[in-house]
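# Breakdown of the fold
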Amino acid sequence: MTETGAAPHGRRRAGTAALAAAFLFAFVLALLPGASPAVAAPSRGAAAGLQEVTGFGTNPGRLRMFRYAPDGLAAGRPVVVVLHGCTQNAAGYGTGSGWTELADRWGFSLVLPQQQTVNNISSCFNWFQTTDTTRGQGEAASVAQMVDRHLADLAGDPRRVYATGLSAGGGMTSVMMAAYPERFAAGGVVAGLPYGCAQAAASPWVCMSSGGGLGPRQWGDRVRAARPGYGGPWPTLTVLHGTADQKVNAVNMTDLTKQWTDVHGADQTADVTDTVAGYPHQVFRGPGGAPAVETYGVTGMGHGQPVDPGTGGEQCGTAGANLLDVGLCAAHRLGRAWGLDT
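Residue positions are counted from 1 within each chain, in the order its sequence is given. Two thresholds apply to this predicted model, a pLDDT of at least 70 for residue-level local features and 80 or more for giving and counting side-chain atom pairs, whereas whole-chain, interface and lining totals are computed over all residues. To get the side-chain values, all heavy atoms of the structure are used, and hydrogens and water are removed first.

## Observations regarding helix H11 (residues 251–264)
The periodicity of an α-helix, 3.6 residues per turn, causes residues three or four places apart in sequence to face the same way. Spanning 14 residues, H11 covers 20 Å between terminal C-alpha atoms, matching the ideal 20 Å at 1.5 Å per step. Buried residues are those whose accessible area, probed at 1.4 Å on protein chains only, stays under 20% of the maximum for their type, while exposed residues exceed 50% and partly exposed ones sit between those limits. Counting from the N terminus, the helices are the DSSP runs of H or I reaching at least four residues and the strands are the DSSP runs of E reaching at least two. Extensive coverage of H11 is indicated by the burial of 11 of its 14 residues. Among all positions of H11, only Asn252, Met253, Asp255, Leu256, Thr257, Gln259, Trp260, Thr261, Asp262, Val263 and His264 are buried. Of the residues flanking the end of H11, it is Gly265, one or two places downstream, whose phi is positive at about 75°. By definition here, a helix of n residues has an expected span of 1.5 Å times n minus one.

What follows is the structure, given as structure tokens:
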């Protein structure tokens with residue numbers, strides 16, 4: 001999936017036939033209306049707070065690791081893994097989405113994985129390839145190694161690690177929640193997809209445009225199969241998705257809700273239905289009464305990350321390509337749901 005009309009391409013190392021198919025896929029998607037320019041990398045000054053970390057593990061997915069930590073950050077603070085979308089980079093998305101701003105405001109640190117074009121020519125995380133979405137393999141394993149290194153270096157709180165991402169980064173957030181549930185307390189998927197969607201639909205494109213077509217139990221089984229025998233608590237989920245998204249259909253928010261309510265043993269009827277900043281908001285509680293899944297259907301919004309630039313208490317982010325000023329900052333809503341503001 002892409003924010004610019006480019007496709008979820010396969011790895012170059014996957015073989016000539018797969019690469020040819022990926023380029024064809026890119027060409028077809030590039031013809032879609034509504035393609036927007038990539039989010040540009042910020043200036044050197046804006047990116048100065050990010051630090052690249054090397055040697056964080058075997059790195060089977062060949063990703064780059066960046067981190068952001070406010071000056072003087074105390075030990076035992078939460079950690080948020082922030083996964084950019086296609087054509088984006090770690091610094092641009094981390095800043096534009098408002099996550100670095102909130103890290104300074106509330107006192108937590110960020111892990112910012114960055115894709116490389118050697119893996120994917122559009123810099124998409126490969127959320128659709130089993131070699132990158134299986135526990136212990138590829139990009140999923142690389143992100144897990146980053147978390148372990150970051151916790152060790154900064155003495156972060158391993159019980160308060162969260163993951164979030166936009167589009168392809170949202171798809172990879174679903175991967176991390178399913179394949180490494182013991183590492184994440186919660187996840188936030190923005191304009192993304194449920195775990196195993198490409199395989200359920202037999203195509204990433206069908207998944208993006210029409211969803212995976214599974215029922216709640218089938219969706220939940222895909223998550224349970226990602227971590228066989230896991231008996232611990234599963235991460236909770238918050239989803240934000242534009243109702244006018246023509247690149248990743250909003251049916252994927254419905255499928256994500258089906259998937260994770262089933263994983264948590266919750267039913268398909270929302271326990272809370274109201275509005276936040278004028279947008280429909282729902283909460284699905286698990287058997288113990290705690291929120292398991294929370295959704296925001298951002299009415300009329302296309303494909304992108306909701307932001308709300310300004311200096312108000314609930315404002316954050318910077319408007320730009322695929323960073324859409326809709327009067328609701330996704331990062332702020334996620335941070336509050338996770339208790340990062342306390």
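## Focus: the confidence of the model for the protein chain
Each residue carries a pLDDT score, the predictor's confidence in it, ranging from 0 to 100. For the protein chain, per-residue confidence averages 89 on the pLDDT scale, and residues scoring 70 or more make up 86% of the total. Every residue in residues 2–7 scores below 50 in pLDDT, and together they form 37 contacts with partners more than four places removed in sequence or on other chains. Contact criterion: two residues are considered in contact whenever any of their non-hydrogen atoms come within 4.5 Å of each other. Taken as a whole, residues 9–48 scores under 50 in pLDDT and shows 68 contacts with residues more than four places along the chain or in a different chain.

## Some details on the nonpolar core
General note: in soluble globular proteins, nonpolar side chains tend to be found buried as a group. The biggest cluster of nonpolar side chains holds 41 residues, and the ones touching the most others in it are Val81, Met176, Tyr180, Phe184, Val223, Leu237 and Trp260. Among the secondary structure elements, those contributing two or more residues to this core are strand S3 (79–83), helix H6 (138–154), strand S5 (161–166), helix H7 (168–179), helix H10 (216–226), strand S7 (236–242), H11 and strand S10 (291–298). Considering every element that reaches this core, the biggest residue donor is H6, with 7 residues. Ignoring anything within four residues of it in the chain, the contact list for Leu237 reads Met177, Gly187, Val189, Leu256, Trp260, Ala292, Val293 and Glu294. Residues Phe66, Trp99, Leu240 and Leu334 belong to the second largest nonpolar core, which totals 37 residues. To form a nonpolar core, buried Ala, Val, Leu, Ile, Met, Phe, Trp, Tyr and Cys residues must be joined to one another through side-chain atoms within 4.5 Å.

## Concerning the state of the cysteines
The disulfide criterion used throughout: a pair of cysteine sulfur atoms within 2.5 Å. Taken as a whole and judged by the stated rule, the model has 3 disulfides. There is a disulfide in this structure between Cys86 and Cys124, and the S-S distance comes to 2.1 Å. The sign of the 120° torsion about the S-S bond sets the Cys86-Cys124 disulfide as right-handed. Of the two residues, Cys86 sits in the loop between S3 and helix H3 (90–96) while Cys124 sits in the loop between strand S4 (109–114) and helix H5 (130–133), which places them 38 residues apart along the sequence. Given the relative accessible area of 0%, Cys86 is considered buried. According to the relative accessible area criterion, Cys124 is buried, its value standing at 0%. Residue Cys197 pairs covalently with Cys207 via a disulfide, S to S 2.0 Å. Judged by the torsion about the S-S bond (120°), the Cys197/Cys207 disulfide is right-handed. With Cys197 in helix H8 (residues 197–201) and Cys207 in helix H9 (residues 204–210), this pair connects stretches of sequence that are 10 residues apart. Taken individually, Cys197 and Cys207 each receive the classification buried, so the pair is uniform in this respect.

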